[in-house]
Amino acid sequence: MRIQLAQKSEADELLGRNPLALLVGMLLDQQIPMEWAFTGPHTIAERLGGDLTAERIASYDPEAFAALLAEKPAVHRYPKAMAARVQALAAHLVEHYDGRPENIWAGTPDGKELLKRLMALPGYGKQKAQIFLALLGKQLGVQPSGWREAAGAYGEEGSHRSVADVVDAESLVRVRAAKQEAKRAAKAE
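On a predicted model such as this, the values are computed, not experimentally measured, just so you know.

Student: What am I meant to see in the side chain of K128 here?
Tutor: Summarising the element assignment, K128 is placed in helix α9 (residues 126–139). Those residues in contact with K128 that sit more than four places away from it in its chain are M26, L27, D29, Q30 and G123.

Below, the structure is given as structure tokens:
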């Protein structure tokens, strides 16, 4: 299945072939529109002048990396803070997974363990980890036993709750509508 989270072909192509780009996009996906967040890895790669690698990002001068994310148009609403988070994520990948994000899920015995590994990533809380687990299962075929249960409501088949369910422009509209309805319901309580 082709990734279509950025809704821009070049950015989506990078997300589909580079697991680090997908992890970074998910990390950036807060307090900005989803498409902007998932375009971020492509923007970073262009500004670095090459493909994204955990080693390159982790070893980049922190001030220069923050400046790179802050260039107009900024990669995120909070470029300095997010630059630090992206570098912390990359450093974690280098230290624990040989710089290869796919080693997080390769050979994982079950969904519970995969969720635990994702929650250990810098910048990934339980909800973000569950959404990313659902994305792996629904769109990339990473489906260790119990993955849907570990992903919680985000793993439900046929749901339209998160980026895990966005496969085209129509599903993006459905996810946005579901999120707006959830916000309305929360306010009514």
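Student: Is there a simple way to think about the pattern of salt bridges in this case?
Tutor: For side chains bearing opposite charge, pairing can occur when the charged atoms are close. Within this structure, the stated rule accounts for ten salt bridges. When the shortest N-O distance is used, the salt bridge between E71 and R47 registers 3.7 Å. Of this pair, E71 sits in the loop between α5 (62–70) and α6 (79–97) while R47 sits in helix α3 (residues 34–48), and the two are 24 residues apart along the sequence. The class of E71 is partly exposed, set by a relative accessible area of 41%.

Student: Is there a simple way to think about the packing of helix α2 (residues 19–28) against α3 in this case?
Tutor: Between two packed helices, the angle of one axis relative to the other and the distance separating the axes together describe the packing. Interaxial distance between α2 and α3 falls to 7 Å at its minimum, and their mutual angle equals 130 degrees. In terms of their interaxial angle, α2 and α3 are classed as oblique. For the pair α2 and α3, the crossing hand works out as right-handed. Listed contacts from α3 to A21, L22, V24, G25, M26 and L28 of α2 are A37, F38, G40, P41 and I44. The class makeup of the residues in the contact of α2 with α3 is nine nonpolar, two polar and no charged.

What counts, and at which threshold
- Residues numbered from 1 in each chain as written.
- Predicted model: local features only at pLDDT ≥ 70, side-chain atom pairs only at ≥ 80, totals over all residues.
- Heavy atoms only, no water.
- Helix = DSSP H or I, 4+ residues; strand = E, 2+ residues; numbered from the N terminus.
- Contact = heavy atoms within 4.5 Å.
- Salt bridge = Lys/Arg side-chain N within 4 Å of Asp/Glu carboxyl O.
- Buried < 20%, exposed > 50% of the residue type's maximum accessible area, 1.4 Å probe, protein only.
- Axes fitted to C-alpha atoms, helices over the stretch in contact; angles between N-to-C directions.
- Parallel < 35°, antiparallel > 145°, perpendicular 65-115°, else oblique.
- Left-handed = near helix turned anticlockwise from the far one by under 90°.
- Nonpolar A, V, L, I, M, F, W, Y, C, P; charged D, E, K, R; others polar.

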